[in-house]
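What follows is the residue order along each chain.
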Amino acid sequence: MVNGEKSLSVLADELEARMALELENLIPVKSALFLSGERDPRLGPLVKSRDPNNRGKKMLMGPDPRLPRMPDKPTLVDFFRLRFAPTHLLQSARIARLNGLEDKIVLACLLHDIAVTGLIQGDHGYWGAQLIEPYVDKEITWAVRAHQSLRFYADPDVGYEYPQVYIQNFGADYKPDPHIQRDYERARKHKWYMTARMITCNDIYSFDPTVNVSIDDFIDIIEKHFRQPEEGLGFDDSSSAHMWRTINMPTRML
Ligand SMILES: [Fe+2]
Ligand SMILES: [Fe+2]
């Protein structure tokens, strides 16, 4: 982009996406949560199916043609390739592996922020843990959940300091919410504390633009430690299947 203007390729992509929707006569829907803040959620749904402008069109109830098409039985790797912006996850997992950590911690690092990149930022450790819970060892789920609070507390014994970037982002006087403080205190005494702490130690914020990591580098670990459902993520009736479906098809009306 130059001077805040969209580049030709971005404009071309947007035009193509709009045409794909128009060709199929579909109306995508933005959930209240997608817009809340930009828009007062008490106003109700943004798109009204009975709006005369929408006559002859259908509300979108399946894949959004503007997004890359997912396979019918999507795997974790498909989500990495087709729905996530995975650089932070890949680089964190790479560092964990270079640091000689065991596979399950490398996997925890690879998954720790999938909610940030795929679902929602706020409370991302809790959302992320819930997403992966049916498919990984309890210890990994526990660690992904706990990294939400541990990020805010230093542990000099393992060289983890309060992140400078948090001072920049939240201000020097920022204090975590009481529930984060409580979660931290519980996690500190837990038998899996160090697993979660390792996520924070390998959670890097300074991306190395010279390093190119691919999800292919972690296929072996995923195959060993992630129980990919045969029916595909989103279609196996697990307790988090609906969350994977929503990431896959985020603009369905219902
Ligand atoms: Fe995180
Ligand atoms: Fe992170």
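None of these values were measured; they are calculated from a predicted model.

Novice: What am I meant to see in the overall build of the protein chain here?
Specialist: Counting its regular elements, the protein chain contains 13 helices and two strands. Each of the three principal axes of the protein chain carries a C-alpha extent, and together these read 65 × 45 × 40 Å. Burial status across the protein chain gives 29% buried among its 254 residues. Expressed as a percentage of contacts within the protein chain between residues at least 6 apart in sequence, the contacts between residues at least 24 apart total 73%.

Novice: When you look at the nonpolar core in this model, what are you seeing that I'm missing?
Specialist: Where a protein is soluble and globular, its nonpolar side chains tend to be buried together. Counting 41 residues, the largest nonpolar core has Ala-93, Leu-107, Ala-108, Cys-109, Leu-110, Ile-132 and Ala-143 as the members making the most contacts within it. Elements supplying a minimum of two residues to this core: α3 (76-82), α4 (87-98), α5 (103-111), α6 (114-118), α7 (124-132), α8 (138-150), α11 (193-201) and α13 (241-248). Counting residues per element, this core draws most heavily on α5, at seven residues.

Novice: How should the packing of α5 against α11 be read in this particular structure?
Specialist: Direction vectors running N to C along α5 and α11 enclose 55 degrees, while the axes themselves pass 9 Å from each other. One finds that α5 runs oblique with respect to α11. Our pair here, α5 against α11, has a crossing hand that is right-handed. Contact residues: α5 offers Ile-105, Ala-108 and Cys-109, while α11 offers Thr-195, Met-198 and Ile-199. Here the residues of the contact of α5 with α11 are counted per class, giving five nonpolar, one polar and no charged.

Novice: Honestly, the domain arrangement of the protein chain in this entry has me stumped. Any pointers?
Specialist: Interface extent is often summarised as the accessible area lost during association of the parts. Considered domain by domain, the protein chain is made up of domain 1 (8-59) and domain 2 (76-244). Measuring from the centre of the C-alpha atoms in domain 1 to the corresponding centre in domain 2 gives 32 Å.

Novice: I would appreciate a short explanation of unusual backbone geometry in the present structure.
Specialist: Keep in mind that most residues, glycine aside, have a negative phi and that most peptide bonds are trans. Although it is not a glycine, Asp-123 sits at a positive phi angle of roughly 60 degrees. With respect to the element layout, Asp-123 can be found in the loop between α6 and α7. Look at Asp-237: it is not a glycine, yet its phi comes out positive at around 60 degrees. Of note, Asp-237 is situated in the loop between α12 (219-225) and α13.

Novice: Explain the packing of α8 against helix α10 (residues 178-188) here, please?
Specialist: Two packed helices can be described by the angle between their axes and the distance between those axes. Between α8 and α10, whose axes approach to 8 Å, the crossing angle comes to 120 degrees. In terms of axis orientation, α8 runs oblique to α10. Where α8 crosses over α10, the handedness of that crossing is left-handed. Residues Ala-146, Ser-149 and Leu-150 of α8 lie in contact with α10, whose contacting residues are Ile-180, Asp-183, Tyr-184 and Ala-187.

Novice: Looking at this structure, I do not really get α8. What am I missing?
Specialist: The α-helix winds at 3.6 residues per turn, so residues separated by three or four positions along the chain end up facing the same way. Between its first and last C-alpha atoms α8 spans 18 Å; for 13 residues at 1.5 Å apiece the expected length is 18 Å, and the two agree. Every buried residue of α8 is accounted for by Ile-140, Thr-141, Trp-142, Ala-143, Val-144, Arg-145, Ala-146, His-147, Gln-148, Ser-149 and Leu-150. Lining the buried residues of α8 we find α5, α7, α10 and α11.

Novice: How should I be thinking about the environment of Asp-64 in this particular structure?
Specialist: Of note, Asp-64 is situated in the loop between β2 (58-59) and α3. The exposure class assigned to Asp-64 is partly exposed, which follows from the 19 C-beta atoms found within 10 Å. Along the backbone, Asp-64 and Trp-142 are 78 residues apart, and their C-alpha atoms lie at a distance of 33 Å. Sequence-distant contacts of Asp-64, that is, excluding residues within four places in its chain, are made with Pro-28, Met-249, Pro-250 and Thr-251.

Criteria and thresholds
Residues numbered from 1 in each chain as written. Chains lettered and ligands numbered in written order. Predicted model: local features only at pLDDT ≥ 70, side-chain atom pairs only at ≥ 80, totals over all residues. Helix = DSSP H or I, 4+ residues; strand = E, 2+ residues; numbered from the N terminus. Buried ≥ 20, exposed ≤ 12 C-beta atoms within 10 Å, placed from the backbone. Contact = placed C-beta atoms within 7 Å. Core = buried A, V, L, I, M, F, W, Y, C linked by C-beta atoms within 7 Å. Axes fitted to C-alpha atoms, helices over the stretch in contact; angles between N-to-C directions. Parallel < 35°, antiparallel > 145°, perpendicular 65-115°, else oblique. Left-handed = near helix turned anticlockwise from the far one by under 90°. Nonpolar A, V, L, I, M, F, W, Y, C, P; charged D, E, K, R; others polar. Domains from an automatic or database assignment. Expected span 1.5 Å × (residues − 1).

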